[in-house]
Amino acid sequence: MSASSSRIQRAILSVTDKIGLVDFARKLSALGIELISTGGTAKLLRESDVKVKDISELTGFPEMLDGRVKTLHPKVHGGILHREHGIAAIDMVVVNLYAFEKTAAKPGVAFEEVIENIDIGGPSMIRSAAKNFNDVAIVTSPSDYDSIADELSRLAGSLSHETKWRLAQKAFATTAAYDAAIASTLERVGPESFPLQPEAGSFPPILRFTFHKTLDLRYGENPHQKAAMYSDGSGVGVANAHQLQGKELSYNNIVDLQAAWDLAQEFDEPVVAIIKHTNPCGTATGKTLAEAYKRALECDPVSAFGGVIGVNRPIDAEAAEEMHKLFLEVIAAPAFDDAAKAKFATKKNLRLVEVKAVNQKWVLKNVSGGMLVQDSDVRPLRDDDLKVVTKRAPTPEETRTLLFAWKVCKHVKSNAIVYARDGQTVGVGAGQMSRVDSAKIGAMKAQLPLSGTVAASDAFFPFPDGVEEIAKAGATAIIQPGGSQRDPEVIAAADRLGLAMLFTGVRHFRH
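These numbers come from a predicted model, not from an experiment.

Conventions adopted
- Residues numbered from 1 in each chain as written.
- Predicted model: local features only at pLDDT ≥ 70, side-chain atom pairs only at ≥ 80, totals over all residues.
- Heavy atoms only, no water.
- Helix = DSSP H or I, 4+ residues; strand = E, 2+ residues; numbered from the N terminus.
- Buried < 20%, exposed > 50% of the residue type's maximum accessible area, 1.4 Å probe, protein only.
- Polar contact = N/O pair within 3.5 Å; in protein donor to acceptor, adjacent residues only side chain to side chain.
- Contact = heavy atoms within 4.5 Å.
- Pairing = 2+ DSSP bridges.
- Right-handed = clockwise from strand over helix to strand, strands pointing away.
- Axes fitted to C-alpha atoms, helices over the stretch in contact; angles between N-to-C directions.

Draft legend 1. Geometry of unusual backbone geometry. In this structure, Asn 415 follows Ser 414 across a cis peptide bond, with omega equal to -10°. Examined against the element boundaries, Asn 415 turns out to sit in the loop between α15 (396-409) and β17 (417-420). The phi torsion at Ala 156 lies on the positive side, around 55°, for a residue other than glycine. Residue placement: Ala 156 occurs in the loop between α8 (145-154) and α9 (161-188). We classify Ala 156 as exposed; its relative accessible area is 57%. Not every positive phi belongs to a glycine, and Asp 422 is a case in point at roughly 50°. Looking at the secondary structure, you find Asp 422 in the loop between β17 and β18 (425-429).

Draft legend 2. Focus on the side chain of Gln 480. On the secondary structure map, Gln 480 appears in strand β20 (residues 477-480). The class of Gln 480 is buried, set by a relative accessible area of 0%. A polar atom in the side chain of Gln 480 sits 2.9 Å from the backbone nitrogen of Gly 482. For Gln 480, the residues in contact, after removing those within four places along its chain, are Trp 406, Ser 457, Ala 459, Phe 460, Phe 461, Val 490, Met 501, Leu 502, Phe 503 and Thr 504.

Draft legend 3. Main features of the pairing of strand β2 (residues 34-37). Taken together, the four bridges between strand β1 (residues 10-14) and β2 define a ladder with parallel strand orientation. Within β2, the residue paired with Arg 10 across the bridge is Glu 34. In this fold, the crossover linking β1 to β2 by way of helix α1 (residues 21-30) has right-handed handedness. Here β2 runs beside strand β3 (residues 53-54); their pairing, made up of two bridges, is parallel. Bridge pairing in β3 links Ile 36 to Lys 53. Handedness of the crossover is the feature at issue here: the chain leaves β2, passes through helix α2 (residues 39-47), returns alongside β3, and the resulting connection is right-handed.

Draft legend 4. Highlighting the pairing of β20. By the alternation rule, side chains of β20 split into Ala 477 and Ile 479 and Ile 478 and Gln 480, which are all buried. Once the chain exits strand β19 (residues 454-457) it traverses helix α17 (residues 465-473) before rejoining the sheet at β20, and the crossover so formed is right-handed. Tracing the backbone out of β20, into helix α18 (residues 487-497) and back to the parallel element strand β21 (residues 500-503) gives a crossover that is right-handed.

Draft legend 5. Fine view of the sheet that holds β2. Read from one edge of the open sheet, five strands run β3-β2-β1-β4-β5, paired in parallel fashion. Looking at strand neighbours, the two that pair on one side only are β3 and β5 (137-139), the edges of this open sheet. In terms of strand pairing, strand β4 (residues 92-95) meets β5 through three bridges, oriented parallel. Within β5, the position partnered with Val 93 by the bridge is Ile 138. Contacts between helix α7 (residues 121-131) and the sheet are confined to β1, β4 and β5, with β4 contributing the most and set at about 145° to the helix.

Draft legend 6. Structural detail: the sheet that holds β20. The mixed open sheet is built from six strands, whose spatial order is β16-β21-β20-β19-β17-β18. Each of the sheet's edge strands pairs with one partner strand only, and the pair in question is β16 (387-388) and β18. Pairing of β16 with β21 involves two bridges; the strand directions are antiparallel. The partner of Lys 387 across the bridge, within β21, is Phe 503. Most of the contacts of α15 go to β19, to which it runs at about 35°, and overall it touches β17, β18, β19, β20 and β21.

Worth remembering: the numbers are spatial, not functional.
Here is the structure:
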């Protein structure tokens, strides 16, 4: 193989994703490039009045086995590899693969359908063409059609060696990702699984992920760090969110956006979560989003400045009117109505982001040399989890607020203490090395009266001092996991101070 920028004379086109194909094929044909195609691709081109030759005319064989082996022929691969024996050279291969991942993700899909969507001929052609990148251009993505057509036009039907090399790199990445998706799916299921379901509670022996870069960020967590965002292509979740307006999202914006979105999705009633540096500085429910926002802002209006908001309802004009009054970085919602969009349009830098909800199966964390993987912390708190351990049981109102505070506390960095009243956070103590310090900081941060609040702790109290500090602040009830060797001392302190206490048996550390 020798580096070449010679004119492309013959191209084979065989694609599943036909977006942009007809226009691209017309441009190739206009440059005098002979087009060879297969099955549905050839049919589409003919119906669009693009001159094309059937693959069977090249190979001398009909498309067999419902088209499964149409391109697995020496005259195809010999042409791509530019070998001898009088085989006509193929200078360009335009191929994309069966939609395996999309098929496997369909609810209730049969195992046979998944297997049927494993492409055979496509990856073979891609690899042959990419291996011979000096002489062959391999095109695997419709997103490259325009730039390739432009270069062909500029260079009189040729492509530069650099372009062919770039396309080959992309091609090998495409087949690697495709094979990884197949392997990952088949590790989770077998022929006996109808419909397709992963084995519960299992982690694969080899962890494979495929993500596509969607955004180059200005910088990372700090200006000296470079960063980018990648998507799994699912169309759901924060990585696939739709930005309606505002400046480019930053790395920290996206991290806070995820934290705000996750907290908001904990609730069924209208809720607003205001996030600063991944911790909620204010969270509240309300009859409307506008009411919830005003109550969330009351918790810590100073910290809320420049914050990120997450909600679980479409934002309407009333909520937009209130949120418009404060400088905010990002607002994440399932949708924004027209009146809300019009109101926010006057704040050109404010980022409005529409997110489609998704149940995240795993949480991943980088460690040097590898990766930590765990199930997402989505276990709901059940009625039989709750255990009254003090002499005094919480009142119905205290119980409702304890459960609210418990949901918020789950999203506060450990050690975490949350003070709350009537569906509204009052003080948040986050990320301290000592739990009693978190109790003190949560009380210190409170802008609303602490008397009559309740408190949630993400993990057990190792000593009674944390309970004593919470009682000193004015709280009347506590919810916590329990499980400390000193639980009897902690419970005795609560009884002595007249507090009600619930144990959940569930811990919510967040590191």
